[in-house]
Structures are given as C-alpha cells and as structure tokens.
Amino acid sequence: MKTLLASLLLSLGITLFAAESNTLTVGKTEITISPDSTPRTVPLSLFSGATEAEMKAIASLDTVNLDRNVFLLEIDEQLVLVDTGDSDGRGFLKYCLGKKQHPFAVKAILITHMHQDHIGKLIQTAHYSGSTGGGSMQESLFLFAKIYISKPEIEYWSRPEHTNSLAAKVLKICADQIVPFDFDTEILPGVWARNAVGHTPGHTVFETADVLFVGDLLHSAALQFANPDICANFDMDKDAAVIARKAWLTKVTESNIAIAGAHFPFPGIGKVKAEGDGFVFEKF
Ligand SMILES: [Zn+2]
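Residue indices begin from 1 for each chain and proceed along its sequence in written order. Where local features are concerned, this predicted model is filtered to residues with pLDDT of at least 70; where side-chain atom pairs are given and counted, the filter is 80 or more; whole-chain, interface and lining totals use all residues.

Participant: Can you help me understand the sheet that holds strand β15 (residues 204-207) in this one?
Facilitator: At least two bridges found by DSSP between two strands is the condition for calling them paired. Each helix is a run of H or I in the DSSP string that is no shorter than four residues. Each strand is a run of E no shorter than two, and both are numbered from the N terminus. With mixed pairing, seven strands are arranged side by side in an open sheet as β13-β14-β15-β16-β18-β19-β20. Bordering the open sheet on either side are β13 (185-188) and β20 (278-283), each of which pairs with just one other strand. Neighbour-to-neighbour, the strand axes of the sheet open up by a mean angle of 35°, direction not taken into account. Pairing between strand β16 (residues 211-215) and strand β18 (residues 258-261): four bridges, direction parallel. The axes used here are C-alpha line fits, helices contributing only the stretch in contact, and every angle between their N-to-C directions lies in the interval 0 to 180 degrees.

Participant: When you look at the pairing of β18 in this model, what are you seeing that I'm missing?
Facilitator: Once C-beta atoms are placed from the backbone, each residue is buried if 20 or more other C-beta atoms lie within 10 Å of its own, exposed if 12 or fewer, and partly exposed for counts between those two. Residues of β18 alternate between two faces, with A258 and A260 on one and I259 and G261 on the opposite face, all of them buried. Bridge analysis of β18 against strand β19 (residues 269-275) gives two bridges, and the strand direction is antiparallel. Following the sheet pairing, I259 is matched in β19 by G270.

Participant: I'm lost on helix α6 (residues 166-173) in this one. Help?
Facilitator: It helps to recall that an α-helix has 3.6 residues per turn; residues three or four apart then point in one direction. The complete set of buried residues in α6 reads A167, V170 and L171. Viewed along the axis of α6, the buried residues span an arc of 100°, placing them on a single side of the element. Tucked into the core, α6 has its buried residues touching α4 (116-119), β9 (123-128), α5 (151-157) and β12 (178-181). When we speak of the arc, we mean the arc of directions from the helix axis to the C-beta atoms. Two residues qualify as being in contact provided that their C-beta atoms, derived from the backbone, are within 7 Å of each other.

Participant: What's the story with the environment of T253 in this structure? I'm lost.
Facilitator: Summarising the element assignment, T253 is placed in helix α8 (residues 238-255). When the C-alpha atoms of T253 and K271 are compared, they prove to be 8.0 Å apart, with 18 residues separating the residues in sequence. The residues contacting T253, other than those within four sequence positions of it, are V272, K273, A274 and F279.

Okay, here's the thing in structure tokens:
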C-alpha cells in the first residue's frame, strides 16, 4: 500500500519524505527507531587502518555518512532505550511527544558508552524563576528509568582528569538511577550485556535472542563491514576495537541474529553476511 501511494505521489511529482520514526518487529522484539539528527557527512581521513585509496575503492566517494539512530524496545511491557542520542530537533523526545508519551514512561536505559551522542539526552537544562531572580539547572530527564552502564566505563569517566566531561556530569546528576554492571550479566529479562571494549574502555554491546545492539562497534557501515580493520579515529584503543568488531561480526553471522548500530543508515538495523575477508550489511 505504501509503495502504491509512493508511486502515485511520485507520478504527481510529490516526494514522500522518510518517516520520523519506524517500528520493526524482529523475531519477538518490537523496535522503534528514531533518527536522532540528520546524517553527518565525514571525510575518509577520519578513518585509519587502510589507505585512503583502499577506502575510496570501498566507499566510492571521499566521504561517508554517519546516521544517528536511537532504539526504543518494549520488554516485559516496559519501555527500554538503547542510548539516548543528544538531539531535541528530530530525536527521541520529538517521537515521544508525537506519541503523547512522556520521558518518564521509559523504565530502563542501556548505555553502550558515555560519548555525548549516546548520553546527551540523559540530562536537560531546566529554567526557573523566583522572587530573587531566575536561573537554570541541569537535571535528569528520564527520571523513572534505571540507567545501566558498565563498571569499566563508569570507572574511566570518574577519573579526576574527566571531571569537566559530560559523562562525569551525567554520573553525578543521575547517580541515584545508575546501575553499574559486569560484562556477561543478564541485566533485563533476555538482555545480556557483553564486552566490546575498544571504542571506549567500557564499550558494551547488548544481546537479545533476536538482535545485537552494537553502539559504536562500527561507525561507517559503508567502510567497516567490508574491512573491519578500519577504525574511526574516535576508537580509543584501536587494536581492541578491531578484535571486538571482528569477533562480534563473526558471531552475528554464525547465529544469524540482526545487528543494530547507532550510526548505520536509517533504520540502523539489518542482517550481516560473511563475504571474502569481510562482511556485507543488508539493512531492513
Ligand atoms: Zn557514536
């Protein structure tokens, strides 16, 4: 029906814009994907692990697009977010409001790692006024959610040299909501937190029976499925990132579960197949 409508509109010279969010059912898991912002176009020089010519041969351009996807799941009738994104404009908040949902409806948030584009919306700036004047303060946005973060990620961002980081601020403001976990723990029914350290010291992937949510295990679907040796320059320990990437891509091809990435092309979820020395990603 959608296709019929699209071709009818196209014949009238009207373009059908992409939906603001998209709900997919993968196995038994219902996933709503919200585009957090318009895709960012980045140069190949942001990546290393192959020559620029090799990368250009894979990507066919001098640049690649990095999308931003936020995943909302329903587990045991509870809303669960995988990361929050950091944008109001097109992001999860707009989706919530569109559905007349409130951020307080979210009961659990699974954090893959504590970079701004994954945790930015854990807090918001609230403005107030009073008899002695107004001001603003930062507060937790998803006030009734438990926030699951790996122990090594918390330890890293709690170091004195990171006091001024957004991550440190979030750890302080949301302290009462944070649930630290060890890897290989079933943190929610059927959801396992797994070690994918490399991009950050506590980078986590979340595994269900149907989907592996990989955060920033890969940034560019165009480059890094074909050649998992390629790292984005944001990978803090590149050797560990390559090992984790290859191990988890091999695992999802063997188990045939879907993979969901924060920066994959919208809707950010699909299947992976082994091909040659690398892999191929087919988005849903
Ligand atoms: Zn990211």
